[in-house]
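Summary of the model geometry
Below are the chains, spelled out letter by letter.
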Amino acid sequence: QVQLGEFGGGLVQTGGSLRLSCAASGNIFSINAMGWYRQAPGKQREMVATISRGGITDYADSAKGRFTISIDNAKNTVYVQMNNLKPEDTAVYYCAAADVAWDYFGQGTQVTVSP
């Protein structure tokens, strides 16, 4: 099993920045990739950004150019730097980890962007 703990959510104004971090524990050797998903009220959970242990990244179109994901393999920690935040970025952000599938999710951290 893998446990994930997110940090860094909060309230920010439009155009502001936040940095989320997530540390993995437990069976960390099974993890091949980590990432961030989000779920806004009334919407399905969606991928925001992912990164492999080797540094290969993938971003949702809505995140490209504004969000940057990074990983510290020694600390089993993934980060996402979110700049130029918009009200539509308001959601619960979940850290995720994958071995062969995205099977592990954290409890989530709220990000609220005020107009």
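These lines cover the structure that appears in this document, whether it is placed above or below. (Residues numbered from 1 in each chain as written. Predicted model: local features only at pLDDT ≥ 70, side-chain atom pairs only at ≥ 80, totals over all residues. Heavy atoms only, no water.)

**Quick notes on unusual backbone geometry**
Phi is positive for Asn76, which is not a glycine, with a value near 50°. Within the secondary structure, Asn76 sits in the loop between β7 (67-72) and β8 (77-82). With a phi close to 50°, Asn84 is a non-glycine residue in the positive phi region. Looking at where Asn84 falls in the secondary structure, it is placed in the loop between β8 and β9 (91-98). (Helix = DSSP H or I, 4+ residues; strand = E, 2+ residues; numbered from the N terminus.)

**Description of the pattern of salt bridges**
Taken as a whole, this structure holds 4 salt bridges when the rule is applied. Its salt-bridge partner being Arg38, residue Glu46 comes within 2.7 Å of it at the nearest N-O pair. Residue classification places Glu46 among the partly exposed residues on the basis of a relative accessible area of 36%. Residue class for Arg38 comes out buried when judged on its relative accessible area of 7%. For Asp61, the salt bridge identified is with Lys64, shortest N-O distance 3.2 Å. Asp61 gets classed as exposed once you look at its relative accessible area, which sits at 65%. Through salt bridges that share partners, Arg38, Glu46, Arg66 and Asp89 make up one connected network. (Salt bridge = Lys/Arg side-chain N within 4 Å of Asp/Glu carboxyl O. Buried < 20%, exposed > 50% of the residue type's maximum accessible area, 1.4 Å probe, protein only.)

**Overview of the pairing of β8**
Of all 6 residues in β8, 5 are buried, a share of seventy percent or more. Note that β7 and β8 share 6 bridges and pair antiparallel. The residue of β8 that forms the bridge with Ser70 is Tyr79. (Pairing = 2+ DSSP bridges.)

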